[in-house]
Structures are given as structure tokens and as C-alpha cells.
Amino acid sequence: MIYEIAELYIKPESHDEFQAAVAKAVPIFKAATGCLSMRLDRDIEAPDTYHLVIGWATLENHTVDFRGSAGFQDWRGLVGSFFAQPPKVEHFATVVAGF
């Protein structure tokens, strides 16, 4: 499994609406090929910053399957207007699982 971590910078005063839009998107991710998990975390020190953390079976499930899908377009339609700047997206693999 790999993790997509998208750092999202959200316009001030739109947090409740953004979080509601992400909640509406949960079924989109559940239906996506190879999507194993999804969560949204909010930065405590910088509250306009969020991390969307998605577990994918393979990198291609995100970069090819999801990004090329109607689900991706639906996702961006739900949340794109809340972005203060483009998201920063990186992919990670667990190398040490402590506990």
C-alpha cells in the first residue's frame, strides 16, 4: 500500500463548507479502484492547512485510475473552489511500522 498525502490550503472562513464537501466525497473514494482508506486531517497550528491522506493499493491506482476517472472530476468539483492555492501532492510508502 502507498499513501497519497495532499497538502490542501483552504480559503479562510470556508472550513465548515470545505469539510462538508469532503464528507460528501467519501463515496467517491470508496468506489475508486484500489482505494483502501481516506481521511482528512486539519493542522492545529495552521488551521487553513489540511492533509488529505488516502491509502491506495498501488501508485497507479491513484495516478492513472483515479486521476483519469469521472470520480476525480466529481471530487474536484466538490472541493476545488475552496483551494487558496494548488494542492501539494506526494506519495509515501511505510518503511517502519512501529506500533
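Residues numbered from 1 in each chain as written. Predicted model: local features only at pLDDT ≥ 70, side-chain atom pairs only at ≥ 80, totals over all residues. Heavy atoms only, no water.

Caption draft 1: Inspection of the overall build of the protein chain at higher detail. Secondary structure assignment for the protein chain yields three helices and four strands. Computed over its C-alpha atoms, the radius of gyration of the protein chain comes to 13 Å, within 12% of the 13 Å expected for a compact globule of 99 residues. Overall, the C-alpha framework of the protein chain stretches about 35 × 35 × 20 Å when taken along its three principal axes. The buried share among the 99 residues of the protein chain stands at 31%. Accessible surface, the protein chain: about 6100 Å² in total, of which carbon and sulfur atoms supply 56%. Charge centroids of the protein chain, computed over 8 positive and 13 negative side chains, lie 3 Å from each other. (Helix = DSSP H or I, 4+ residues; strand = E, 2+ residues; numbered from the N terminus. Rg over C-alpha atoms; globule rule 2.2 N^0.38 Å. Buried < 20%, exposed > 50% of the residue type's maximum accessible area, 1.4 Å probe, protein only. Areas by Shrake-Rupley, 256 points an atom, 1.4 Å probe, with all protein chains shown as cover. Lys, Arg positive; Asp, Glu negative; His and termini not counted. Charge placed at Lys NZ, Arg CZ, Asp CG, Glu CD.)

Caption draft 2: Layout of the nonpolar core. Leu8, Phe18, Phe29, Phe66 and Trp75 are the most contacted members of the largest nonpolar core, which totals 22 residues. Looking at this core, the elements that each hand over two or more residues are β1 (2–9), α1 (15–31), β3 (49–56) and α3 (70–79). In terms of residue count, the dominant contributor to this core is α1 (six residues). In this structure, Phe18 is in contact with Leu8, Ile10, Leu40, Tyr50, Val79, Phe82 and Phe83, ignoring residues within four places of it in sequence. (Core = buried A, V, L, I, M, F, W, Y, C linked by side-chain atoms within 4.5 Å. Contact = heavy atoms within 4.5 Å.)

Caption draft 3: Region of interest: the layout of surface pockets. For the largest pocket, the calculated volume is near 170 Å³. What lines the largest pocket is a set of 15 residues, and nearest its centre among them are Glu4, Phe72, Trp75, Arg76 and Val89. Put simply, the parts of the chain that give the lining of the largest pocket at least two residues each are β1, β3, α2 (59–66) and α3. In the lining of the largest pocket, the residues fall into 11 nonpolar, one polar and three charged. (1 Å grid on protein atoms, 1.4 Å probe; cavity = no way out; pocket = protein on both sides within 12 Å on 5 of 7 lines; lining within 4 Å. Points joined across faces, edges and corners; volume = space filled by probe spheres on them. Nonpolar A, V, L, I, M, F, W, Y, C, P; charged D, E, K, R; others polar.)

Caption draft 4: Molecular detail of the side chain of Glu4. Checked against the element boundaries, Glu4 lands in strand β1. Here the side chain of Glu4 touches His62 through a polar contact of 3.2 Å, side chain to side chain. Excluding residues within four positions of it along the chain, Glu4 makes contact with Leu52, Val53, Ile54, Trp56, His62, Val89, Glu90 and His91. (Polar contact = N/O pair within 3.5 Å; in protein donor to acceptor, adjacent residues only side chain to side chain.)

Caption draft 5: Just the packing of α1 against α3, in detail. The contact between α1 and α3 brings their axes to 9 Å, and the two run at 170°. Relative to α3, the element α1 is oriented roughly antiparallel. Contact residues: α1 offers Phe18, Ala21, Val22, Lys24, Ala25, Ile28 and Phe29, while α3 offers Gly71, Asp74, Trp75, Leu78 and Val79. Looking at the contact of α1 with α3, its residues break down into nine nonpolar, one polar and two charged. (Axes fitted to C-alpha atoms, helices over the stretch in contact; angles between N-to-C directions. Parallel < 35°, antiparallel > 145°, perpendicular 65-115°, else oblique.)

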